[in-house]
Amino acid sequence: MEVDDFETKTNHFLSWLRFQGVVLSPKMALVDLRSSGRGRGVVATGDFESDELIFSVPRSAVLNLNTGFFDSSSVSNIEFKIRNLASWLALTAIILGESRRPDSKWAPYLAILPRQLHNLTFWSDAELSELQASKVVSKIGKSGAEEFFSRCLAPLGLTDYNIEECHKVASIIMSYAFDIPEENTTVDEKSGDEGEDLVSDDEEDEKILLSMIPLADMLNADAERNNARLCCGNKDLEMRSIKNIAAGEEIFNDYGQLPRSDLLRRYGYVSETYAPHDVAEIITQEMLSLFLSKEAFQGLNLSPLSQGQLDSRVELAEREGIFDDSYDLSHPGPERPSIPDELLALIYLILLDDQSLKALCDSDGLPSRSKLCTEVVGQVLVTVIQLREKEYATSLEEDETLLSTGNLPHRIAMAVQVRLGEKAVLRAAISEAITFTGSNKRMRWGGKNGLVGEGKGKRSIEEPTGPKKKGRFR
């Protein structure tokens, strides 16, 4: 039976952990959480005080480049090739190789890794279409990963593997692996949850190892209920409590401030606790094309720029370090506005008249945020964001109605939550932009390229409302 097999694998894994020297607190347990759709999880069976050891894992029980199958003479000839791969590809090759060894030390651990994944890599085209205009679809990188598999893994001579298995192993690594410091380095702690994407590499820091840490990867994550942290010492890796944990409470790790779109892409699930970190992406080239159009800002009586005029403004934005391929809108908070400084400054530069643009080129930096928040900048941003929202096939209100029915298929429900969260961010950014009342004095307006009089906004002495970027904003 499936239940017996699940329990048998769990018990075998726990026995294996002890044999490998993993120290488990008697006040924790690895439990079956399938009834809530979460596989296994770690639960406190007794009270933990803050900074108390939950479990420790010796480095010899951590699967990475240093502990893989290179002790086997039959595969030692490929060690050099694997060590020269990007870290995620190297670990993919190691897990593929270990899963084929009948005597693999890691077999009890590999046996409990998930067989079914909900990462976006495994969604059908129809399921992906439910994400509508979310830019997360362009970040899946499935075809790029397959090129790496064909070019880098095929020459290793691994037997009986296929592209689907490669995707599964690579996705498990993306979901479960940690970046840990090499032994005898001074780095205190670094979790892989925050860094490397599927087709990127972390070779900038040779002292960091992408690693699978048995049991540590069994902890579920929760942004609000995070109560444990992995600490990387030279000898053992320790999971320690970061607050008091009462008996019966689940022990949670945290992925950091990830939007639900990335949570779904990387880990295959969404959680309402990560909703405050949702973002909506504005693609820069798509936005810039609007300023060359006669139709985009007709309601604002704003004439289009020539390609040369736009290029000169982009060049200044690049010089000032505010130009990027895309910008993330977010929910406003105490330390950040919904509209980032860099996007606000780019719009400001685009809307400057030629005389003011030249004066700014000769100055030593951009104005403060409060001076960037002119009335016309706000109006243009509202138009840009409204056009972005119209890219979605359904409205925010329609998505809320869909979710309220409660009978959507699992993946469709997650897609609706992601796109709904992005629309909520767009609405928040619009609400922020309509509050801009700064002077339009230096703005292009009504097709004229000279200075115009004051707009509706009054000039006043203001302090910047958002954090200043050093060396960019005065």
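Residues numbered from 1 in each chain as written. Predicted model: local features only at pLDDT ≥ 70, side-chain atom pairs only at ≥ 80, totals over all residues. Heavy atoms only, no water.

A. Local environment of unusual backbone geometry. One non-glycine residue, D51, adopts positive backbone phi at about 65 degrees. One can find D51 in the loop between β3 (40-44) and β4 (53-58). (Helix = DSSP H or I, 4+ residues; strand = E, 2+ residues; numbered from the N terminus.)

B. A look at the packing of helix α7 (residues 163-176) against helix α8 (residues 260-267). Put simply, α7 and α8 touch, their axes get as near as 8 Å, and they point 135 degrees apart. As judged from the angle between their axes, α7 and α8 are oblique. Residues S171, M174 and S175 of α7 form the contact with α8, whose own contacting residues are R265, R266 and Y267. Along the lines of polarity and charge, the residues of the contact of α7 with α8 split into 2 nonpolar, 2 polar and 2 charged. (Axes fitted to C-alpha atoms, helices over the stretch in contact; angles between N-to-C directions. Parallel < 35°, antiparallel > 145°, perpendicular 65-115°, else oblique. Contact = heavy atoms within 4.5 Å. Nonpolar A, V, L, I, M, F, W, Y, C, P; charged D, E, K, R; others polar.)

C. Inspection of the sheet that holds β4 at higher detail. Spatially, 4 strands are ordered β1-β4-β9-β8 in an open sheet, and the strand pairing comes out antiparallel. Since the sheet does not close on itself, it has two edges, and those belong to β1 (23-24) and β8 (228-232), each with one partner. Bridge analysis of β1 against β4 gives 2 bridges, and the strand direction is antiparallel. Considered in β4, the bridge of V23 is made with S56. (Pairing = 2+ DSSP bridges.)

D. Structural view of the environment of N234. For N234, the location among the structural elements is in the loop between β8 and β9 (236-241). Residue N234 is classed as partly exposed on the basis of its relative accessible area of 38%. N234 sits 51 residues away from E183 along the chain, and the two C-alpha atoms are 4.8 Å apart. (Buried < 20%, exposed > 50% of the residue type's maximum accessible area, 1.4 Å probe, protein only.)

E. Up close: the packing of helix α10 (residues 307-319) against helix α11 (residues 341-351). One can describe the packing of α10 onto α11 by two numbers: an axis separation of 9 Å at closest approach and a directional angle of 145 degrees. Remark: the crossing between α10 and α11 carries right-handed chirality. Residues L310, R313, L316 and A317 of α10 lie in contact with α11, whose contacting residues are L346, L349 and I350. Of the residues that constitute the contact of α10 with α11, the class distribution is 6 nonpolar, no polar and 1 charged. (Left-handed = near helix turned anticlockwise from the far one by under 90°.)

F. Representation of the pattern of salt bridges. Counting across every chain of the model gives 28 salt bridges. Between E286 and K135 there is a salt bridge, with the nearest N and O atoms lying 3.4 Å from each other. Of this pair, E286 sits in helix α9 (residues 284-290) while K135 sits in the loop between α5 (125-129) and α6 (142-153), and the two are 151 residues apart along the sequence. Looking at E286, the relative accessible area reads 39%, which means it is partly exposed. For E281, the salt bridge identified is with K139, shortest N-O distance 3.1 Å. With E281 in strand β11 (residues 279-283) and K139 in the loop between α5 and α6, this residue pair connects regions lying 142 residues apart in the sequence. Classification of K139 by relative accessible area gives partly exposed; the value is 37%. A cluster of three or more residues bridged by salt bridges with shared partners is formed by E130, D399, R419 and K423. (Salt bridge = Lys/Arg side-chain N within 4 Å of Asp/Glu carboxyl O.)

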